[in-house]
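A look at the structure
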Amino acid sequence: MRKPELLSPAGDFERLEYALAYGADACYLAGKDFGMRTAPGNFTGEELEKACKLAHSLGKRVYVTVNTMPRSEEAERIPAFLDFLQQAGADAAIIADLGVLEMCKQYAPRLERHISTQANITNYQAAEAWHKLGAHRVVLARELSLQEVALIREKTSPELAIEVFVHGAMCMSYSGRCYLSAYLTGRDGNRGACAQPCRWQYSLVERQRPGQVMDVFEGEEGAYILNSKDLCMLDHIPELIEAGVDSFKIEGRAKTAYYTAITANAYRRAIDLYCENPVGYALPDWVRQEVEKVSHREYYTGFYFGDKDSQRPEDGGYQRPWEVCALSLGEQGPYGPVFLQKNRFSLGDELELIDPVGPPQALRVERLLDEEGQELTCAPHPHQHLVLPQLTQVHEKAFLRRRVEKEEK
């Protein structure tokens, strides 16, 4: 059985480090231009070179997004960017535009060419056509059923890799092609600057009664009639592997390092367990629970099983049942491993320690020290350096988290 690649998002260098530490085989990221996400910090040229070196030192890969729909004046700058990516050591460019594909072949021939989901590939003829034009991989449209994915795999060249999304936010538009944000706010979603108006709360106004705003009630707060649920295929790893998918892609370059780490860890465990023992495979409860412990909207399985229940009109918010209290700095101080405080916690709090090595470990805060060894009753100051003496050694990418009393929306 060929083990599929696990592909994680990296919005900046910190998130890249956590994705790789928690099990991603490859990361996709963007430079400062030509990527479909402008909200994350993204990577300077120097950071991109550093990212490629780090990934390659671990036997892993880096793919760079060049998947906006460039205007002519922008297209003139793309050859130099592609040449830089090749020199920096990137493994592939993720492309949506036919002109960019041709430029990549000419100016960066050593780069693999991956065709973005923005290209709306929904059939095997289209996938094979892109392959004949020079594509090494296609990222299929999210609107496909699992049966359709399997058919595309069956009908295309085995040399063409098939990549699909398995987790993260979904867009109510067709494969992410949407002009709603540009129309309402001037921020073009097809150029990486989506304001997500599909998450907004809407009311109705009838043309002949312009002063009368009528709420659309699905709940006390009105209706979020365009708001999609989040994709989660963690329970269906066997079906995806048996369909012949080569790469499992997690969405979320704008998400936190914690989100990146936890989602990579969960899918890494599921993939490895199934490939090691497909007959006796069973997803451990703790692995399934991990994706519930990151900020997310209500989950569903997208279009893979013909599920039409994709929208959540009741609210536009997230479920945030857990929060990160602190993260390891990878330093061993005189009193124990040093943590960086992220959210307030106190003596007696029940926490969980998470690392890439094993299941979460429950612990109660018995003692809490500052970096100088002074006893504390709580950790109220952002970015304070702290020590829990009961922990003698922790992984350099470990987190401490706790359940919040009330889920935030």
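Below is a short write-up of the structure. Everything numeric in this text was worked out from a predicted model, so none of it was measured.

1. Remarks on the pattern of salt bridges
Applying the stated criterion across every chain, the model contains 24 salt bridges. Among the salt bridges present, the one from D91 reaches R61, with a minimum N-O distance of 3.9 Å. Taken as a pair, D91 in the loop between α4 (78–88) and β4 (92–95) and R61 in strand β3 (residues 61–66) lie far apart in primary sequence, 30 residues in all. Of the residues examined, D91 reaches a relative accessible area of 15% and is grouped as buried. Looking at R61, the relative accessible area reads 26%, which means it is partly exposed. Through salt bridges with shared partners, one network takes in K3, D25, R268 and D272.

2. Re unusual backbone geometry
One non-glycine residue with positive phi stands out, namely N120, at about 60°. Position of N120 relative to the elements: it lies in the loop between β5 (112–115) and α6 (124–132). Residue H383 is not a glycine yet carries a positive backbone phi of 65°. Judged by its relative accessible area of 52%, H383 is exposed.

3. Examining the packing of aromatic side chains
Counted by the stated rule, this structure contains six aromatic pairs. Judged by centre distance (6.2 Å) and plane angle (45°), the ring pair of Y22 and F399 falls under tilted. In this pair, Y22 is assigned in the loop between α1 (13–21) and β2 (26–29) and F399 in strand β21 (residues 399–403), connecting sequence segments 377 residues apart. Here the two residues Y22 and F399 agree in accessibility, since each one is buried. Within the aromatic cluster, the residues linked to one another by ring pairs are Y18, Y22, Y258 and F399. Positioned above the aromatic ring of F165, the side-chain terminus of R142 is 3.8 Å from the ring centre.

4. Here we look at the packing of α4 against helix α5 (residues 98–107)
As a packed pair, α4 and α5 sit with axes 9 Å apart at the nearest point and diverge in direction by 50°. Viewed along their axes, α4 and α5 adopt a mutual orientation that is oblique. By crossing handedness, the relation of α4 to α5 is classed as right-handed. Contacts between α4 and α5 involve I78, P79, L82, D83 and Q86 on the former and, on the latter, V100, M103, C104 and Y107. Its residues assigned to classes, the contact of α4 with α5 shows seven nonpolar, one polar and one charged.

Calculation rules
- Within each chain, residues carry numbers counting from 1 in the order of the written sequence.
- The predicted origin of the model limits local features to residues at a pLDDT of at least 70 and limits the giving and counting of side-chain atom pairs to 80 or more, whereas totals for whole chains, interfaces and linings rest on all residues.
- For the side-chain quantities, the full set of heavy atoms in the structure was used; hydrogens and water were omitted.
- Salt bridges are counted wherever a side-chain nitrogen of Lys or Arg sits within 4 Å of a carboxyl oxygen of Asp or Glu.
- Segments assigned H or I by DSSP are reported as helices when at least four residues long, segments assigned E as strands when at least two residues long, and all are numbered from the N terminus.
- When accessible area is computed with a 1.4 Å probe and restricted to protein chains, residues below 20% of their type maximum are described as buried, those above 50% as exposed, and intermediate ones as partly exposed.
- We call Phe, Tyr and Trp rings a pair once their centres come within 6.5 Å, taking the six-membered ring for Trp, and we label the pair stacked below 30 degrees between planes, edge-to-face above 60, and tilted otherwise.
- Throughout this description, the term charge over a ring refers to an Arg CZ or Lys NZ atom that lies within 6 Å of the ring centre and within 35 degrees of the ring normal.
- In this analysis, axes come from line fits to C-alpha atoms, helices being fitted only over the stretch in contact, and the angle between any two N-to-C directions falls in the range 0 to 180 degrees.
- By definition in this entry, angles of less than 35 degrees are roughly parallel, angles greater than 145 are roughly antiparallel, angles of 65 to 115 are roughly perpendicular, and the rest are oblique.
- The handedness criterion is simple: a crossing whose near helix is rotated anticlockwise from the far helix by less than a right angle is left-handed, and one whose near helix is rotated clockwise is right-handed.
- In what follows, residue pairs with any heavy atoms lying within 4.5 Å of each other are defined as contacts.
- Gly is placed with the polar residues, together with every amino acid not listed as nonpolar (Ala, Val, Leu, Ile, Met, Phe, Trp, Tyr, Cys and Pro) or charged (Asp, Glu, Lys and Arg).

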